[in-house]
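The primary structure of each chain is shown beneath.
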Amino acid sequence: MYKKAFLVAGGDKDNLEAFFLNIHDDELVVGVDEGAFYLLNKGIHVDIAVGDFDSISKEQLSILKEHIGKVVLLPSEKDLTDTEAALEYVFHHYELDEVKLFGVFGGRVDHMISNLWIAFLPQFAKNIEKISFFDKKNKLSFYKPGAYELEKEENKKYLSFISMTALVNLNLKQVKYPLENSNYEHPVALISNEFKSQTMQFTFDEGLLAVIQSSD
C-alpha cells in the first residue's frame, strides 16, 4: 500500500533525479503531463501519468501508454489544472501520508501561482499539511494552526514564513529573528530568517502558513 506520492509536473526540473535515487515500494511516482515523459527519459519508473498531454507530441504520448501501467487522459478544456487533477486522483485512490510535488516552480508564472493556490481549494483542505513543494533550492510546506518543531534541512540556510491569510498569535523561537504573540491582519511575507540550531519551534492560533526552507 502506498504511503507517499511523488508528483512531477512540467516546471523547472533541474537536478531532480537526485530525489528519485532511492524510491521504495510504498512510494507512488506520478508524472503530470510533460513531467511523465521527463521521468521516463531519465530512466525513472512511473506508476501513473495524469494530464491532457498537450505539452508533448502524439508519438511521445504513445510511448507513455506503452511504458506506464496507468495513463489518466484528461480533456484539454477543464476547470482543474493537470496538477490539481493529479492531486485529486491520488488522494481519492490512496490513503497517503505525504505528497511531494516537483516541477511546480519555474516556467510560466500563472502555473506557479495556480500551484500555490492549491492551499485555498476546498477539496485539498483536509490534506493540505501532507503536501510539500520541492525544487533544488527550496522546500515549501503548509501548516494549519498549532504548535510545531521544525528541523533544519541539509544545505538550506534560509527560513521564511509566508502567511497565506491573516494570522493570530504567531510565535517563532530558536531563530535569528524571533517573534512573540504577533498578529497580522493581512497576508505577509516574513522572509530570510535563519535557524539558531538544528531545530526551531513555531506556533500560531489562526490562519494558514507556508513555511519555506531555501538556499542561495
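Computed from a predicted structure; not experimentally measured. (Residues numbered from 1 in each chain as written. Predicted model: local features only at pLDDT ≥ 70, side-chain atom pairs only at ≥ 80, totals over all residues. Heavy atoms only, no water.)

1. Observations concerning the sheet that holds strand E7 (residues 138-143)
- Spatial strand order, E4-E3-E2-E1-E5-E6-E7-E14-E9-E12: 10 strands in an open sheet with mixed pairing. At either end of the open sheet lies a strand with only one pairing partner, and these are strand E4 (70-73) and strand E12 (189-193). Mean inter-strand twist for the sheet, computed between neighbouring axes without regard to direction, equals 20 degrees.
- As defined by bridge partners, E7 adjoins strand E14 (residues 209-214) across 6 bridges and the pair is classed as antiparallel. Bridge pairing in E14 places Lys139 opposite Gln213. (Pairing = 2+ DSSP bridges. Helix = DSSP H or I, 4+ residues; strand = E, 2+ residues; numbered from the N terminus. Axes fitted to C-alpha atoms, helices over the stretch in contact; angles between N-to-C directions.)

2. Re a negative patch on the surface
- Residues Asp25, Asp26, Glu95 and Asp97 make up a contiguous surface patch of negative charge.
- If you trace the backbone, Asp26 turns up in the loop between strand E1 (4-8) and strand E2 (27-32).
- We classify Asp26 as partly exposed; its relative accessible area is 32%. (Patch = residues over 30% accessible without salt bridge, like charges linked within 9 Å, V, L, I, M, F, W, Y side chains within 5 Å. Areas by Shrake-Rupley, 256 points an atom, 1.4 Å probe, with all protein chains shown as cover. Salt bridge = Lys/Arg side-chain N within 4 Å of Asp/Glu carboxyl O. Lys, Arg positive; Asp, Glu negative; His and termini not counted. Charge placed at Lys NZ, Arg CZ, Asp CG, Glu CD. Buried < 20%, exposed > 50% of the residue type's maximum accessible area, 1.4 Å probe, protein only.)

3. Considering the pattern of salt bridges
- On inspection of all chains with the given rule, the structure shows 6 salt bridges.
- With its nearest N and O atoms 3.2 Å apart, the salt bridge here joins Glu153 to Lys139. A residue pair is termed long-range when its members are at least 10 positions apart, and Glu153 in the loop between strand E8 (146-151) and strand E9 (158-163) and Lys139 in strand E7 qualify at 14 residues.
- Looking at Glu153, the relative accessible area reads 25%, which means it is partly exposed.
- Between Lys176 and Glu194 there is a salt bridge, with the nearest N and O atoms lying 3.9 Å from each other. Taken together, the residues Lys176 in the loop between strand E10 (167-173) and strand E11 (179-184) and Glu194 in the loop between E12 and strand E13 (199-204) connect sequence positions 18 residues apart.
- Judged by its relative accessible area of 45%, Lys176 is partly exposed.
- Within the structure, one salt-bridge network assembled from shared partners comprises Asp52, Lys78 and Asp82.

4. Side note on the nonpolar core
- Counting residues in each nonpolar core, the largest one holds 35 residues, and the members touching the most others are Leu7, Leu87 and Phe133.
- Elements supplying a minimum of two residues to this core: E1, E2, strand E3 (48-51), helix H3 (82-93), strand E5 (98-102), strand E6 (131-134), E7 and E14.
- Considering every element that reaches this core, the biggest residue donor is H3, with 6 residues.
- Membership of the second largest hydrophobic core comes to 19 residues, among which are Phe6, Ala36, Leu39 and Leu61. (Core = buried A, V, L, I, M, F, W, Y, C linked by side-chain atoms within 4.5 Å.)

5. Observations regarding the packing of aromatic side chains
- This structure, assessed with the given rule, holds 10 aromatic pairs.
- Relative to Phe102, the ring of Phe6 lies with its centre 6.1 Å away and its plane at 10 degrees, an arrangement referred to as stacked. Of the two residues, Phe6 is situated in strand E1 and Phe102 in strand E5; the sequence distance between them amounts to 96 residues.
- Among the residues examined, Phe102 registers a relative accessible area of 1% and is labelled buried.
- Relative to Tyr148, the ring of Tyr143 lies with its centre 4.8 Å away and its plane at 70 degrees, an arrangement referred to as edge-to-face.
- The rings of Tyr143, Tyr148, Phe161 and Phe202 are connected pair by pair, giving a single aromatic cluster. (Phe/Tyr/Trp six-rings, centres within 6.5 Å; stacked < 30°, edge-to-face > 60°.)

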